[in-house]
Amino acid sequence: MPRPIQATIHTQGLRNNLERIRQRAPDARVWAVVKANAYGHGIERVFDGLRGADGFALLDLNEAQRVRDLGWRGPILLLEGAFELRDLELCSRLDLWHTVHCDAQIDMLAAHKTNVPHRVFLKMNSGMNRLGFAPQRYRSAWTRLNALPQVDEISLMTHFSDADGAKGVAEQMRVFTEFTHDLPGERTVSNSAATLRYAPDAMASDWVRPGIAVYGSAPDFPEHTAAQWGLQPTLTLAAKIIAVQDIAAGATVGYGSGFTAAGPMRIGVVACGYADGYPRICPTGTPVLVDGVRTRTVGRVSMDMITVDLGPTPSSGPGSEVTLWGRAVNGVVLPIDEVAASAATVGYELMCGLAQRVPVGVEA
Ligand SMILES: *Cc1c(COP(=O)(O)O)cnc(C)c1O
């Protein structure tokens, strides 16, 4: 028998989340962001649930190839654009749209031999200071691109640093608007947080670029939960109890005796550890479901096991279902965002960190 641990992709959850995003931005087309192998889910595994998107956005050329291999004929956008001149040949061959964020990428386009002009997304650095042209240099970049025979339509793009928090998007939006208002072309500005929090009123744009919301995690947890945004889990990590220890008051559990029982307890030993992608930093008290009932981890996370308090589920034992995050068989959900918060990180990192050794199934 294989080790009892399993991840499950929920196709219906992906469809639901895409629909929720469309409701928030009814006039925009939707890029489903599938970079990082669809946030750890697997591009091939999410494709069916996301084929209703208007396009796929990603950054690795081999991932673009995989999306084309799945039969997708619609738009694909490279969010970081070309890394070297050769990449533009693949853009021509696979009909990829690509971001242009620096002069070197314009030079590459100028040097690229193609009969089919490329659709490009010119990126402004409106304040995040990662990628893009400074606002004052944006127009000259646009003019240079527009003069190239290798370039077809130019779309206008920026990315927010604080769409999920108190600072918000107003200042970056003001800068972007000031320096683009009289330029032609489609606009794309919003990630998940901006789409959920601002798109309905504040930001008319032609395309939105949600990633994390597609995968059922709230970009602004704990201010909002995924459920409050109407998002459903798309990735469940589940395992089983493989042993039970009845311990007395004063007994300790796990490496470093990281937990001491205050009274008699039943401890469930679960076939999931940090080598599966469960964060080692999760402290005693991290929420977990046993047979769909909420309880907590106790003691340190080890490579292949964690230990949980079976107090709330006295009838559970070896073979019982443990949900590390996602949906239990009884339908109860443990939001990935809660586990991420216990690990002082975000749902993104947990999804992306799902380990290679965990078998993944797809639920229709
Ligand atoms: C990753 C990414 C997104 C999606 O961000 P989420 O927070 O996951 O919605 C959007 N735009 C760009 C440029 C990105 O790199």
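Because the structure is predicted, anything quoted here is derived from the model rather than measured.

> Talk me through the environment of Val-67; I want residue IDs and the actual numbers.
Relative to the elements of secondary structure, Val-67 occurs in helix α4 (residues 61-69). Spatially, the C-alpha atom of Val-67 lies 19 Å from that of Val-208, the residues being 141 residues apart in sequence. Residue contacts for Val-67: discarding those within four places in its chain leaves Ile-43, Phe-56, Leu-58, Trp-72 and Ile-76.

> I'd love a proper account of the pairing of strand β14 (residues 287-290), names of residues and values included.
Alternating residues of β14 divide into Pro-287 and Leu-289 and Val-288 and Val-290, and every residue in both groups is buried. By the bridge criterion, four bridges tie β14 to strand β15 (residues 293-296) in an arrangement that is antiparallel. The residue bridging Pro-287 from the neighbouring strand is Arg-296, located in β15. Bridge count between β14 and strand β17 (residues 321-327): two bridges; the pairing is antiparallel. If you follow Val-290 over to β17, its bridge partner there is Val-322.

> Can you tell me about the sheet that holds strand β2 (residues 29-33), naming the residues and giving the values?
As summarised here, the arrangement of the eight strands in space is β2-β3-β4-β5-β6-β7-β8-β9, forming a closed barrel in which the pairing is parallel. Two elements, strand β5 (residues 97-100) and strand β6 (residues 118-124), share three bridges in a ladder whose sense is parallel. Across the sheet, the residue bridging to Thr-99 is Phe-121, located in β6. Contacts between helix α5 (residues 85-94) and the sheet are confined to β4 (76-78), β5 and β6, with β6 contributing the most and set at about 125 degrees to the helix.

> Now, about the nonpolar core: what can you tell me, with residues and values included?
One finds Leu-50, Leu-145, Tyr-215 and Leu-324 to be the most contacted residues of the largest nonpolar core, which totals 110 residues. Two domains each provide a minimum of three residues to this core, namely domain 1 (11-215) and domain 2 (235-334). Every residue in contact with Leu-50, bar those within four places of it in the chain, is listed here: Leu-14, Leu-18, Ala-32, Val-34, Phe-56, Val-214 and Tyr-215. In terms of nonpolar packing, the next biggest core, distinct from the first, is built from seven residues, Ile-247, Val-253, Ala-261 and Ile-267 among them.

The rules behind the values
- Residues numbered from 1 in each chain as written.
- Predicted model: local features only at pLDDT ≥ 70, side-chain atom pairs only at ≥ 80, totals over all residues.
- Heavy atoms only, no water.
- Helix = DSSP H or I, 4+ residues; strand = E, 2+ residues; numbered from the N terminus.
- Contact = heavy atoms within 4.5 Å.
- Buried < 20%, exposed > 50% of the residue type's maximum accessible area, 1.4 Å probe, protein only.
- Pairing = 2+ DSSP bridges.
- Axes fitted to C-alpha atoms, helices over the stretch in contact; angles between N-to-C directions.
- Core = buried A, V, L, I, M, F, W, Y, C linked by side-chain atoms within 4.5 Å.
- Domains from an automatic or database assignment.

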